[in-house]
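# Structure assessment
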Amino acid sequence: MPQHFLLSAKARTLSLAKVMRLSDAEAYETFKQVRWAANDGKPICPRCGSCEAYEYRARLIFRCKDCGAQFSVTTDTIFASRKMAHRDLLAAIAIFVNGAKGISALQLSRDLDCQYKTAFVLAHKLREAMGSQVQGRKLGGHVEIDGAYFGGYVKPENWKKDRKDLRLRQHQTGKRKAVVVMRERGGRTVPMIRASEADAVPEIVANVLIGSTVYADEASCWDALHARFEARRINHSVAFKNEDACTNQAESFFSRLRRAEIGTHHHISGRYLHQYANEMAWREDHRRKPNGDLYQLVAGAALAHSVSREWKGYWQRHDI
Ligand SMILES: [Zn+2]
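Residues numbered from 1 in each chain as written. Predicted model: local features only at pLDDT ≥ 70, side-chain atom pairs only at ≥ 80, totals over all residues. Heavy atoms only, no water.

### A short note on the packing of helix H5 (residues 116–134) against helix H8 (residues 273–285)
At a minimum axis distance of 8 Å, the contact between H5 and H8 shows a crossing angle of 65 degrees. Note on packing geometry: the crossing formed by H5 with H8 is left-handed. Contacts between H5 and H8 involve His124, Arg127, Glu128, Met130, Gly131, Gln133 and Val134 on the former and, on the latter, Gln275, Tyr276, Asn278, Glu279, Ala281 and Trp282. Counted by class, the contact of H5 with H8 contains five nonpolar, five polar and three charged residues. (Axes fitted to C-alpha atoms, helices over the stretch in contact; angles between N-to-C directions. Helix = DSSP H or I, 4+ residues; strand = E, 2+ residues; numbered from the N terminus. Left-handed = near helix turned anticlockwise from the far one by under 90°. Contact = heavy atoms within 4.5 Å. Nonpolar A, V, L, I, M, F, W, Y, C, P; charged D, E, K, R; others polar.)

### Brief notes about the sheet that holds strand E3 (residues 70–71)
The sheet built from three strands is open, its strands ordered E1-E2-E3 with antiparallel pairing. Here the strands that pair on one side only, and so sit at the sheet edges, are strand E1 (53–56) and E3. Of the pairings in the sheet, the one linking E1 to strand E2 (residues 61–64) comprises four bridges and is antiparallel in character. Within E2, the position partnered with Tyr54 by the bridge is Arg63. (Pairing = 2+ DSSP bridges.)

### Some words on the packing of aromatic side chains
This structure, assessed with the given rule, holds 14 aromatic pairs. Between the aromatic rings of Phe31 and Phe79, the centroid separation amounts to 6.0 Å while the plane-to-plane angle is 55 degrees, which identifies the pairing as tilted. One end of the pair, Phe31, is in helix H2 (residues 24–35); the other, Phe79, is in the loop between E3 and helix H3 (86–98), with 48 residues separating them in the sequence. With centroids separated by 5.8 Å and ring planes inclined at 40 degrees, the aromatic side chains of Phe120 and Tyr314 adopt a geometry described as tilted. Placement of the pair is Phe120 in helix H5 and Tyr314 in helix H10 (residues 314–317), with a sequence separation of 194 residues. Here Phe120 falls in the buried class, since its relative accessible area comes to 13%. With a relative accessible area of 6%, Tyr314 lands in the buried category. (Phe/Tyr/Trp six-rings, centres within 6.5 Å; stacked < 30°, edge-to-face > 60°. Buried < 20%, exposed > 50% of the residue type's maximum accessible area, 1.4 Å probe, protein only.)

### Side note on the packing of H5 against helix H9 (residues 291–304)
Between H5 and H9, whose axes approach to 9 Å, the crossing angle comes to 90 degrees. Taken as axis vectors, H5 and H9 run roughly perpendicular relative to one another. Contacts from Leu126, Ala129, Met130 and Gln133 of H5 reach H9 at Val298, Ala301 and Ala302. (Parallel < 35°, antiparallel > 145°, perpendicular 65-115°, else oblique.)

### What about the coordination of the zinc ion?
Every protein donor of the zinc ion is listed here as Cys45 (SG), Cys48 (SG), Cys64 (SG) and Cys67 (SG), and their distances to the metal cover 2.3 Å. One can describe the site at the zinc ion as tetrahedral: its four donor atoms subtend angles covering 104 to 114 degrees at the metal. Read in sequence order, the donor residues for the zinc ion give the motif C-x2-C-x15-C-x2-C. Looking at Cys45, the relative accessible area reads 3%, which means it is buried. Judged by its relative accessible area of 40%, Cys48 is partly exposed. (Donors = N, O, S within 2.8 Å, 3.2 Å for Na, K, Ca; no water. Tetrahedral: all angles 85-135°; square planar, octahedral: opposite > 155°, others 65-115°.)

### Describing the sheet that holds strand E7 (residues 213–217)
Pairing in this open sheet of five strands is mixed, and the strands run E6-E5-E4-E7-E8 from one edge to the other. Only two strands of the sheet have a single neighbouring strand rather than two, namely strand E6 (189–194) and strand E8 (230–234). Taken pair by pair, the neighbouring strands of this sheet meet at an average axis angle of 25 degrees, ignoring direction. As paired elements, strand E4 (residues 142–150) and E7 share three bridges and run parallel to each other. Within the sheet, the bridge partner assigned to Glu144 lies in E7 and is Tyr215. This element, H8, spans E4, strand E5 (177–184) and E6 of the sheet and lies at about 165 degrees to E6.

### Digging into helix H7 (residues 248–265)
For H7, which comprises 18 residues, the first-to-last C-alpha distance of 24 Å matches the rise-based estimate of 26 Å (1.5 Å per residue) to within 8%. Of all the residues in H7, the buried ones are Ala250, Phe253, Phe254, Arg256, Leu257, Ala260, Glu261, Thr264 and His265. Note on H7: the residue one or two positions beyond its end, His266, has a positive phi of about 70 degrees. (Expected span 1.5 Å × (residues − 1).)

### Points about unusual backbone geometry
For Asp40, which is not glycine, the phi torsion reads 60 degrees and is therefore positive. Inspection of the secondary structure assignment puts Asp40 in the loop between H2 and E1. Even without being a glycine, Ser81 presents a positive backbone phi close to 50 degrees.

This is how it looks when you write it as structure tokens:
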């Protein structure tokens, strides 16, 4: 039997031990190489784009020779106004990519020996950077569509007579949301969060290229797709797959998201569901890459992503 990819030596190209042994200077150099890869690790002014800058080595900042702007390797990125050392941020990325079902903020805070609040925001910043690579893409070819419900957990009452039928609308909290996914066979995965599966149809129509073949289950809301695409349906009460159709790729995304919900985070709040869905879509798309590549990709995405409006100064606006 062939060995599973993740068990092969090729899948292990990143060692957390090596990351933790980086000196301050080496970790800083890694940041420069990742952020300014196009300029061989040499600084590019984020304000004017000039490649000429003075370096203040003691303070790890640069001043642009053309416009005078002062900047650091993390200015205007998701790590802007970082307090954590460069090496710890790299370690956080290494720990994060190694968790196939995601990493909880509590575990990250223990592994990095930092506050829970710090780990919570850091993990969400990484998810946001991953999400920016996942969203905004048009899909084509063979595209599977499916939906599943997440979030809005309600603890059941102790006595059976007190329990509510959560399927009824009057007992729903509105926090339970539909995650609908579009997944190209052999390609990319784009999730979206809606109140119901039917609400996702306009976005599917807008984001799947004309001429594609779409695959969906028997749910009646997908009937609308036949007007636009060649649509093939599979009735899941009869089979998961027939000679014409299956949505197994989409199911595999949901299985990863469900395992993250149950196994790692325990509850996912509807408010952040889009972040977890994007993270799991990213992980599905890159699941056959060695972990060293994933580490490079997430670091690159984080340093190419602008300051987070949602997560910058989060704890000044919220409290637990
Ligand atoms: Zn400049």
